[in-house]
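# Descriptive structure summary
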Amino acid sequence: MGRKVCVVGAGVNGLCTAVLIQELLPNVSVTIVADKTTTDTLSDGAAGLFRVSDSTRGPSPESIKTWTRDSYLYYKSIATSPQSDDAGIKEISGYILAEEAENITKNLLLEDILPIWRKLDEDELKPFPGNWKYGSTFKTVLVECRRFLPWMTKKFQTNGGKILKQRINSLDELFGECDVVVNCSGFGAKYLCNDSRVVPIRGQVIKVKAPWIKEFVYGDYDTYICPGFDFVTLGGTRQFDSYDTKMNTYNSKEIWERCCKLVPNLKNAKIEYEFVGLRPYRDEIRVELEYLTRKNSTKFPVVHNYGHGGYGVSLAYGCAKNTAQLVKACLVNTDLQSKL
């Protein structure tokens, strides 16, 4: 009987992980188990700009660098290919501005990876309304999940993958269904793993039609205008430890006013819809193998991949590559043990 892997979660991390397991282990059967798919997931509402804070933590500083570089190179390869439109990935340039804290406009992690990251001089800051003292311009990629998730889903299913739409309350529900469980459950990991280190960071954005906006602009930390393929995303909020998934009209008004102040011609944009999501933040992104104890006292392998906060889209491919390698090592180790 062939080996089987169950991936919990169908957001950008779950899909990337499932596809990379298929590519690394073509003889292994992969099933995604999730209660939400494509447009129902948190990933679908993300602006999708490839941008990772240099304060992000993983198992080691080297792991963050590797995940970031691997993800960027993968996304860029698609952005510069004929698949760009279908996959929803493109190269994009823009600005990040700050009134008081120059450090906001710097990023030691990305400055080593992106092709362009340059400080703005005083004359370059003048066109932006406001009292901006510091700024940088950089070139990156944008991953619009409204296109990317269906594209990856098609790739997964073409490779023989199956999607089982159901809610699970415990990872051990799947122990009898496969040889390895891969946990890409995002915020759900707080409950599935009883992990108190997973904390929600509430985000609210407005999606508008404004095809004249070609570059992204960040003002300080939470005001941003980010043009995708189908919509321009206006943000945002960053409310730590908030579980509120309802639309907040005060937040909407504040986002609209801040964004229109930064880019005045947005006042002519048509609002399409608004989105609220809970970013699954963890002080250290968890990508690791754990052996859980079954009811019969034997050990069962679970590979975790969660806790990305607001950088799930940006780090998805790199973390998925790392996760797939852990799954391979786990299956190889299991095969060796069975032969002893």
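What you are looking at is a predicted structure, and each value in this text was computed from that prediction instead of being measured.

The rules behind each value
- Residues numbered from 1 in each chain as written.
- Predicted model: local features only at pLDDT ≥ 70, side-chain atom pairs only at ≥ 80, totals over all residues.
- Heavy atoms only, no water.
- Buried < 20%, exposed > 50% of the residue type's maximum accessible area, 1.4 Å probe, protein only.
- Helix = DSSP H or I, 4+ residues; strand = E, 2+ residues; numbered from the N terminus.
- Pairing = 2+ DSSP bridges.
- Phe/Tyr/Trp six-rings, centres within 6.5 Å; stacked < 30°, edge-to-face > 60°.
- Lys NZ or Arg CZ within 6 Å of the ring centre and 35° of its normal.
- Salt bridge = Lys/Arg side-chain N within 4 Å of Asp/Glu carboxyl O.
- Expected span 1.5 Å × (residues − 1).
- UniProt positions renumbered as here; feature names shortened; annotations may be inferred.
- Axes fitted to C-alpha atoms, helices over the stretch in contact; angles between N-to-C directions.
- Parallel < 35°, antiparallel > 145°, perpendicular 65-115°, else oblique.
- Left-handed = near helix turned anticlockwise from the far one by under 90°.
- Contact = heavy atoms within 4.5 Å.

The buried fraction of strand β3 (residues 89–98) amounts to 7 of the 10 residues, a majority that puts the element mostly inside the structure. When β3 meets strand β5 (residues 134–143), the two strands line up antiparallel, connected through 10 bridges. If you follow Gly94 over to β5, its bridge partner there is Phe138. The pairing of β3 with strand β9 (residues 216–219) spans 4 bridges and is classified as parallel. Pairing of Tyr95 across the sheet is with Val217, part of β9.

Quick look at the packing of aromatic side chains now. Scanning all chains against the criterion turns up 16 aromatic pairs. Ring plane angle 15° and centroid distance 4.2 Å describe the contact between Trp117 and Phe138, whose orientation is recorded as stacked. Here Trp117, found in strand β4 (residues 116–119), pairs with Phe138, found in strand β5; they are 21 residues apart in sequence, far enough to count as distant. Taking relative accessible area as the criterion, Trp117 reaches 17% and is therefore assigned buried. One cation-aromatic arrangement involves Arg51 over Tyr218; the distance from NZ or CZ to the ring centre is 4.2 Å. Lying over the aromatic face of Phe229, Lys90 brings its terminal NZ or CZ to 5.2 Å of the ring centre.

This paragraph deals with the pattern of salt bridges. This structure, assessed with the given rule, holds 17 salt bridges. Among the ionic pairs, Arg3 bridges to Asp179, the shortest N-O distance being 3.5 Å. Of this pair, Arg3 sits in the segment before β1 (4–8) while Asp179 sits in the loop between β6 (162–165) and β7 (180–183), and the two are 176 residues apart along the sequence. One network of salt bridges, with partners in common, ties together Arg286, Glu288 and Glu290.

Helix length check: helix α1 (residues 12–24) (13 residues) gives 18 Å between terminal C-alpha atoms against 18 Å at 1.5 Å per residue, within 8%. For α1, the buried fraction is high: 11 of the 13 residues fall into the buried class. Among the residues of α1, Val12, Asn13, Gly14, Leu15, Cys16, Thr17, Ala18, Val19, Leu20, Ile21 and Gln22 are the ones counted as buried.

Residues annotated by UniProt as "domain: FAD dependent oxidoreductase" (unreviewed entry) correspond here to residues 4–326. Helix makes up 28% of residues 4–326 and strand 32%, whereas the separation of the span's terminal C-alpha atoms amounts to 15 Å.

Another point: the packing of α1 against helix α6 (residues 145–158). For any two helices packed against each other, the geometry is given by the interaxial angle and the distance between the axes. Orientation of α1 relative to α6, taken along the N-to-C sense of each, is 30°, at an axis distance of 10 Å. In terms of orientation, α1 and α6 fall into the roughly parallel class. The crossing of α1 and α6 is left-handed. On the side of α1, the interface is formed by Val12, Leu15, Cys16, Ala18, Val19, Gln22 and Glu23, while α6 contributes Cys145, Phe148, Leu149, Met152, Thr153, Lys155 and Phe156.

The next subject is the UniProt feature "binding site: D-dopa" (unreviewed entry) in the protein. UniProt tags Tyr224, Arg279 and Gly310 as "binding site: D-dopa" (unreviewed entry). Looking at the element boundaries, Tyr224 is found in strand β10 (residues 223–227). Residue classification places Tyr224 among the buried positions, given a relative accessible area of 9%. Setting aside anything within four residues of it in sequence, one finds Tyr224 in contact with Ala47, Val205, Val217, Tyr218, Thr233, Leu234, Gly235, Gly236, Cys259 and Arg279. With respect to the secondary-structure elements, Arg279 resides in strand β13 (residues 270–293). In contact with Arg279, not counting residues within four places along its chain, are Leu42, Val199, Pro200, Ile201, Arg202, Gly203, Tyr224, Thr237, Arg238, Gly309 and Gly310.

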